[in-house]
Amino acid sequence: MSAMFEGNALSALQTTHCPPQSNYSPQELALEIKAFISGVDQTKGRKLSVRDHARCAVRLLRTVPACRGAVLEHLRGVYDEYVAAFFQDLEAESDSGSNSTTGGTNANVSNLEDVIKEIHAVLLEFIRLNPKAWAPLVSSWAVDLLGQLSSKHAGRRATPHSSSLNELLQLWMSCAATRSLMECYSQCLAAMLAWCPDACVDALLDTSVQHSPHFDWVVAHIGSAFPGTIISRVLACGLKDFYAHGYPSGDKSTQLQAIDKASRVPKIGSVVGILGHLASRHSDSIKRELLRMFQDSLSPPPQNAPSSSGAAGWENSPHLRRATVPFLLQLAALSPTLLGAVSAELVELLRPPVLLQLQAQFQGLPREELENMLGLAVHLISQSPAGGARVLRFLADTATPASVIISGPTPSPHDGVREACDRLLQMLLLHLHKLVYNRPEGDEPYSHTTSSIAMPRVIPFLEELQAHVGELCAETLRLERKRHLWLHQLLCLLSVYGGPSTATEALCQLLTQARNPEELALASQLHSPLSSSIPGLLPSAVARCVAQIHTQNLNSRELAQLLNNLATAVQSQEEDCKAGGSTAGSSLHSSMAAQVGAAVSSHLHDFCPLLLHGDTMVSRAAARLLSCSQLPRACSPAHLLLISRAAVAHFFIALRQRGEGLKIGGQSGGEAVGYSMRLLSRLAAYSSLMLKAVLQQLVEGALHKGNRELFGGQREGPGEDGAPLPPLGPDLGVSLLNINCKFGTTVNFSGSVWSVFHAGVIGKGLKPPHTPSQSDADKVNQNMQTLLAVIVQCCSSGGGVSCSNGSGTSSGNGRYNHAGETISDEPSPINAEAAKVIAVALVENVCPDVANGELSWPPEEHAKTTVERDIHIRRCFEANPVLFHLLRVVAAGRPALCYCSAVLRGLLATLLAHWEASREPSVLDSPWHLQASCLLVSCMGEGQLLPPVLSNIHEVFPHLSPFEVRLLLLGVWEYMRGNSPMPQKFTFSAEKGVFFRDFSRDGDVARYIAPIHSVLHKNIDRLGHLCWRFQI
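Here's what I pulled together on the structure shown here.

Cut-offs applied
Residues numbered from 1 in each chain as written. Predicted model: local features only at pLDDT ≥ 70, side-chain atom pairs only at ≥ 80, totals over all residues. Heavy atoms only, no water. Pairing = 2+ DSSP bridges. Helix = DSSP H or I, 4+ residues; strand = E, 2+ residues; numbered from the N terminus. Buried < 20%, exposed > 50% of the residue type's maximum accessible area, 1.4 Å probe, protein only. Contact = heavy atoms within 4.5 Å. Polar contact = N/O pair within 3.5 Å; in protein donor to acceptor, adjacent residues only side chain to side chain. Phe/Tyr/Trp six-rings, centres within 6.5 Å; stacked < 30°, edge-to-face > 60°. Lys NZ or Arg CZ within 6 Å of the ring centre and 35° of its normal.

## Considerations on the pairing of strand 3 (residues 986-989)
Here is step 1 of the chain: Where strand 3 and strand 4 (residues 994-997) come together, 4 bridges link them in antiparallel fashion. Opposite S989, over in strand 4, you have V994 as the bridge partner.
Here is step 2 of the chain: Here strand 3 folds back onto strand 4, and the loop between the two strands holds 4 residues, one of which, G993, carries a positive phi near 75 degrees.

Take a look at the structure:
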């Protein structure tokens, strides 16, 4: 071997690029080589220590480059010795406690550390001076040695588990030997990037496959130092190896399991591991490289590019380009991290031109291979942790038939692409169905094991879609052909997977967003399969709707739509009952309607404030919902009173809107009034408390000054409500001081204790004349009939029956109109207790200072002591014509009119005073007083406060003079004074169900009709045909 050093001319590798060194003679070099080979010092004859032997190897490495292979092989043992001593120190330190130190436990570490530094310096110097010669050799040696050391010492007690990558990396980098090897490999890689990157990355991948997972810390560190190069080269090498080992697989089926694929493709598992380590810090670089690789595989190959020039090698190969997409799919299947990094952005790249390129690329593949790729794509979609909503929208838009107009700028896809997406979407739904219901992938039956129940399978695709339930419901409600069927099926699977919370949200969104019965039917179709697995779904959905109302998450249009949908669902039960639904579908729909009705009834106190909502559309929808909902069996009085107040207030609002001809949301004001009437009748029929509250509030509302005009009443005159009168002229701003100064410059106080001052002008002159507003007579009559109809319905024994749903009008005699048709000609009997409530309410509102016990009538002269109160009563009747109609209702519920005795007495007293003071030749000159006199006597006769012979005198009033009318009315007063209107005088008739009065018990009536006969005799020429009406 010494002969090779005798010549002076060495190769360029040995001389030109070697570092400066000490001059050794050939004899000395021969001795060094012999000592290195034998391990014995040639001069002293003793065995070399590990340290001395390593120094001898270093000297040979410096002086004899031809020995580099043997030297590097020997240095493996030196590094191994150092690492073993390093771990021994760690284990000893762990055993003896914190008092021990690493340096004091094993001397080999300190003895070899300077040798390691010397070796490190020599290798770095060689790499710097001659990288092309030394970098490939040192890189392969360093990475192989790192792999051997990592695997050999992986089982040591001081070594963390391979899954703890950060701890493992910190441990190995604290060791001087492995840190030296890592730095040498990094320098080699940096030097080789410009001219031979594939060889370096191939060595890294081969070692990673051989020593994985113990070698992962090396890959993580190198990848962090050279992310761009490592990522692109790792993907290129992995693609070449994938094509060489497993693609195309015409005779083998590609399985979804990553283990089978990795066993056939040795490097793909390593590629996944490397990219997974780099994803924590370089996810953007990995994503860009994967997307670039996908785009380059579909774009035309670059022109005039060398076939093996770095990364462009695979791009110029048609086979590698065709294998790129399957390779990327397999990578994504093996690494959820990579799948999540590219899934969302990949969808944005799938435009129609790209889809056509994909179709052309895979058109020639066997059917089995295509099915396997579709199955793998379905698996990846179901496991995609992000971008699920984008993927779903892309598949739905692309698979939608051409006859359906797709929203947005997306052009119509090719038929072949559409069919492929249709097939992919159907396979995805089937796959998700198996996953949701916890069924295996194969055909074997599912075994209900405890582990499968305790550990439910997580589906990332559905997990991500749970945040897009509202958007999914909106897309489903578009009712596009085939598209809404797919989305509805997916919505059902998502509800089952997400549990009660997701199912409640989905059903709530459908109830809120549905705009017609066809769309609302989707809610019933969703509820049918979910009701068996999720109990209490509809009550929870209604409760969620109520929560949305309270939090004001809905605008007015959405809120009105929700209320209308709930009302439609509740009313469908009645429609099914009327139609006698016998089919299974109708029974399921009826079941849902019953549950919705029960859920709504438990939240009536939450819906009732919406009756007074500022938006008319919302208030009408709330009235419709409450009018068809049943009241709960148990409800607090506070809630009941709250509902009744809101319902009565909405009734008068609906009357006003009907008069204005306001039509909102396709509903006229008459429909809103009909809903209010039905709601009030339901409330009144619920309990006696509600009956009293509703009737009392109806009377108060009808007499309120804001509602007078609805029933032909007069507005408040100027100054009557406490408001200041408008000035008749301009305010001159006259000062009292200035006026008094006009009387003199000084005030005379002499001779008297009195002084006279000018007090100014009192008032502003005469009050302005009050002209009552002229209301539309037809609208007033319609409002009057509606009010009387709802009061009669509440007062009648059948108050819970449904009323008209059209204009809501009915006459006061008990006739109710429904779309112009007569329902009944016979008035329903008025409940006596209900009529009493109206009577008491009338007295409280017309004359609040009257005690309920004032039933007896005093002499006519006594009216002089109550003039002010009587005038107030008359003014109330003048301003509120509805009072006479309310008295007629009270009179129909005998003996309730007795409790209006004070009001009747005050009105009769003012009429007597008017007719006494009247100097008009005919009563027709006082039309209001004539009408009031007739109505008063008629009501008293209908309430059986007067006998029939006296109750008929109003028929002759229009033909008499004022004095004669007063004379007849005075006879009525005398009769009432002699026969006080007491409820005890009435007897209940069980046959007719009403109270009646036997006037024969009150004595002789003849003495009260003498004035009547006198007036008849005087006017026999005009009243002769009425004499028979006044016979006893």
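## Comments concerning unusual backbone geometry
Here is step 1 of the chain: With omega at 5 degrees, the peptide bond leading from R894 into P895 counts as cis.
Here is step 2 of the chain: Tracing the chain through its elements places P895 in the loop between helix 40 (882-892) and helix 41 (901-917).
Here is step 3 of the chain: Although it is not a glycine, Q552 sits at a positive phi angle of roughly 60 degrees.
Here is step 4 of the chain: Counting through the fold element by element, Q552 comes out in the loop between helix 28 (537-551) and helix 29 (556-579).
Here is step 5 of the chain: Here Q552 falls in the exposed class, since its relative accessible area comes to 67%.
Here is step 6 of the chain: Even without glycine at this site, Q944 takes up a positive phi of about 60 degrees.

## Some words on the environment of T504
Here is step 1 of the chain: Inspection of the secondary structure puts T504 in helix 26 (residues 500-513).
Here is step 2 of the chain: Looking at T504, the relative accessible area reads 9%, which means it is buried.
Here is step 3 of the chain: Along the backbone, T504 and I534 are 30 residues apart, and their C-alpha atoms lie at a distance of 9.6 Å.
Here is step 4 of the chain: Discounting chain neighbours no more than four positions away, the residues touching T504 are L537, S540, A541 and R544.
Here is step 5 of the chain: From its side chain, T504 meets the backbone oxygen of P500 in a polar contact 2.6 Å long.

## Some thoughts on the packing of aromatic side chains
Here is step 1 of the chain: This model, assessed by the stated rule, comprises 11 aromatic pairs.
Here is step 2 of the chain: Residues Y79 and W141 carry aromatic rings whose centres are separated by 5.8 Å and whose planes lie at 80 degrees to one another, so their mutual orientation is edge-to-face. Of this pair, Y79 sits in helix 4 (residues 68-96) while W141 sits in helix 7 (residues 131-152), placing them 62 residues apart in sequence.
Here is step 3 of the chain: Between F877 and F884 the ring centres are 4.9 Å apart and the planes differ by 55 degrees, which places this aromatic pair in the tilted class. Across this residue pair, the class does not change: F877 and F884 are buried.
Here is step 4 of the chain: Each residue in the set F86, F87, W172 and W217 is aromatic and connected to the rest through ring pairs, giving one cluster.
Here is step 5 of the chain: The ring of W134 has R68 sitting right over it, with the charged end atom 5.1 Å from the ring centre.

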